[in-house]
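Structure at a glance
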Amino acid sequence: MAFPTLMDQQAAASQFIQTRPYAGVFLDMSGGKSLATLHALTQIGPRGHTLIIAPIKIARISWISEIEKWGVNVRTQSLIVDDNDRKLSPEQRYSRYAELLDPKTPPTLWLINQELVHDLVTWLPPLDPRDRKKLPTPRWPFPTVIIDESQGFKSYSSQRFKAIRAARGQISRMILLSGTPAPNGLEDLWSQVYLLDQGASLGPSITDYREAFFQSNKRLANGTPVDWRP
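Below: a short report on this structure. (Residues numbered from 1 in each chain as written. Predicted model: local features only at pLDDT ≥ 70, side-chain atom pairs only at ≥ 80, totals over all residues. Heavy atoms only, no water.)

Focus on the packing of aromatic side chains
Quick reminder of the rule: Put simply, two rings from Phe, Tyr or Trp (the six-membered ring, in Trp's case) pair if the centres are within 6.5 Å, and we call them stacked under 30 degrees between planes, edge-to-face over 60, tilted for the rest. Every helix listed is a DSSP run of H or I at least four residues long, and every strand listed is a run of E at least two residues long, numbered separately from the N terminus. Only protein chains enter the accessibility calculation, which uses a 1.4 Å probe. A residue is then buried if its area is under 20% of the maximum for its type, exposed if over 50%, and partly exposed in between. Geometrically, a charge over a ring is one whose NZ (Lys) or CZ (Arg) sits within 6 Å of the ring centre while staying within 35 degrees of the ring normal.
With the rule as written, the count across this model stands at nine aromatic pairs. Considering the side-chain rings of Tyr97 and Trp123, the 5.3 Å spacing of their centres and the 55 degrees angle between planes classify their relative orientation as tilted. Linking Tyr97 in helix 4 (residues 90-101) with Trp123 in helix 5 (residues 117-123), this pair joins segments that are 26 residues apart in sequence. Residue Trp123 is classed as partly exposed on the basis of its relative accessible area of 31%. Between Tyr209 and Phe214 the ring centres are 5.1 Å apart and the planes differ by 80 degrees, which places this aromatic pair in the edge-to-face class. For Phe214, a relative accessible area of 8% corresponds to the buried category. Following the ring pairs from residue to residue traces out a cluster consisting of Tyr156, Phe161, Trp190 and Tyr194. The lysine or arginine in question, Arg165, covers the ring of Tyr194, its NZ or CZ lying 4.4 Å from the ring centre.

Have a look at this one:
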């Protein structure tokens, strides 16, 4: 395996990831985030399974293509499509879910699209069988998680965010990648940063974030929603 000479921003991103267990890499589009991340992973040598969460096209074009192009020595398995790029049926996908829980399965880089994260979490057995919550903490098999296009998790009320949040305590390395982390404004950052540090920087809830970093220009008594502005 011979990586190309990294561009300056890629080398900086790789070093940033290597020196932090929870890293957000927000570079411009086409900034080489996937290659920088792969380079960092080869230096770190993470143990166990790795999960990459990415839009379907990016999973194929950016990740699989880079892995194949540079001969990265890692076993890959898709939870999206089969070896012929045909969409997995639910039965095929659940078979692969079972494979990742098999202790005989070697460390693998798994790819899944953002829309299926909630499906994966709800399929996994609960960490504590006595947990009766609607979304119990799953027995999470991925110590390392990479979320590409992390702005897809900007909604704190979305099923995909809640799913990863439920597993967050079992993730020892989290990497977020995005060229547009706040497409609709700074409020979009809260849920993404929460997945990195569980509320240490921006607060444990969206309400705490708003109260600490935003102010309302109007506080109406007639029930009109408050207009939050930075």
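Next comes the rest of the description.
A short note on the pattern of salt bridges
Note the cut-off: Any Lys or Arg side-chain nitrogen located within 4 Å of an Asp or Glu carboxyl oxygen qualifies as a salt bridge.
The final tally for this structure, using the stated rule, is six salt bridges. Residue Glu99 pairs with Arg75 through a salt bridge whose shortest N-O separation is 2.8 Å. With Glu99 in helix 4 and Arg75 in the loop between helix 3 (56-70) and strand 3 (76-78), this pair connects stretches of sequence that are 24 residues apart. When the shortest N-O distance is used, the salt bridge between Arg160 and Glu115 registers 4.0 Å. Of this pair, Arg160 sits in helix 6 (residues 159-167) while Glu115 sits in the loop between strand 4 (109-112) and helix 5, placing them 45 residues apart in sequence. Overall, the relative accessible area of 54% leaves Glu115 in the exposed class.

What about the nonpolar core?
What counts is decided by this rule: In these notes, a set of buried Ala, Val, Leu, Ile, Met, Phe, Trp, Tyr and Cys residues joined through side-chain atoms within 4.5 Å is what counts as a nonpolar core.
Ranked by internal contacts, the top residues of the largest apolar core, which has 33 residues, are Leu51, Ile53, Ile112, Leu120, Trp140, Val145 and Met174. Looking at this core element by element, the count peaks at five residues for helix 7 (residues 189-197).

What about the pairing of strand 4?
In the case of a regular strand, side chains alternate between the two sheet surfaces. Defined as follows: Strands were regarded as paired on the criterion that DSSP finds at least two bridges between them. With the strands aimed away from the viewer, a crossover counts as right-handed if its path from the first strand over the helix to the second runs clockwise.
Side chains Leu109 and Leu111 of strand 4 all project onto a buried face; the interleaved residues Trp110 and Ile112 project onto the opposite face, where all are buried too. When strand 3 meets strand 4, the two strands line up parallel, connected through three bridges. From the neighbouring strand, Gln77 faces strand 4, where its bridge partner is Trp110. With helix 4 bridging strand 3 and its parallel neighbour strand 4, the resulting β-α-β unit is right-handed.

Comments concerning the side chain of Asp131
What counts, and what does not: His is not counted, nor are the chain ends; Lys and Arg add positive charge and Asp and Glu add negative charge. Here a polar contact is recorded for every N or O atom pair within 3.5 Å, except that within protein the pair must consist of a potential hydrogen donor and a potential acceptor, and residues adjacent in sequence are included only if both atoms are side-chain atoms.
Assignment of secondary structure puts Asp131 in the loop between helix 5 and strand 5 (144-148). Nearest to the buried, unbridged Asp131 among oppositely charged side chains is Lys133, at 4.3 Å. Here Lys133 takes part through its backbone nitrogen, which lies 3.1 Å from a polar atom of the side chain of Asp131. Among the polar contacts made by the side chain of Asp131, one reaches the main-chain amide nitrogen of Thr137 at a distance of 3.3 Å.

A word on the environment of Gln10
As a reminder of what qualifies: Contact between two residues is taken to exist if any of their heavy atoms lie within 4.5 Å; hydrogens are not considered.
In this structure, Gln10 sits in helix 1 (residues 8-18). Look at Gln10 and you get buried, because its relative accessible area is 5%. With residues up to four places along the chain from it excluded, the contact list for Gln10 reads Gly31, Gly32, Leu35 and Ala36. Separated by 2.9 Å, the side chain of Gln10 and the backbone nitrogen of Met7 make a polar contact.

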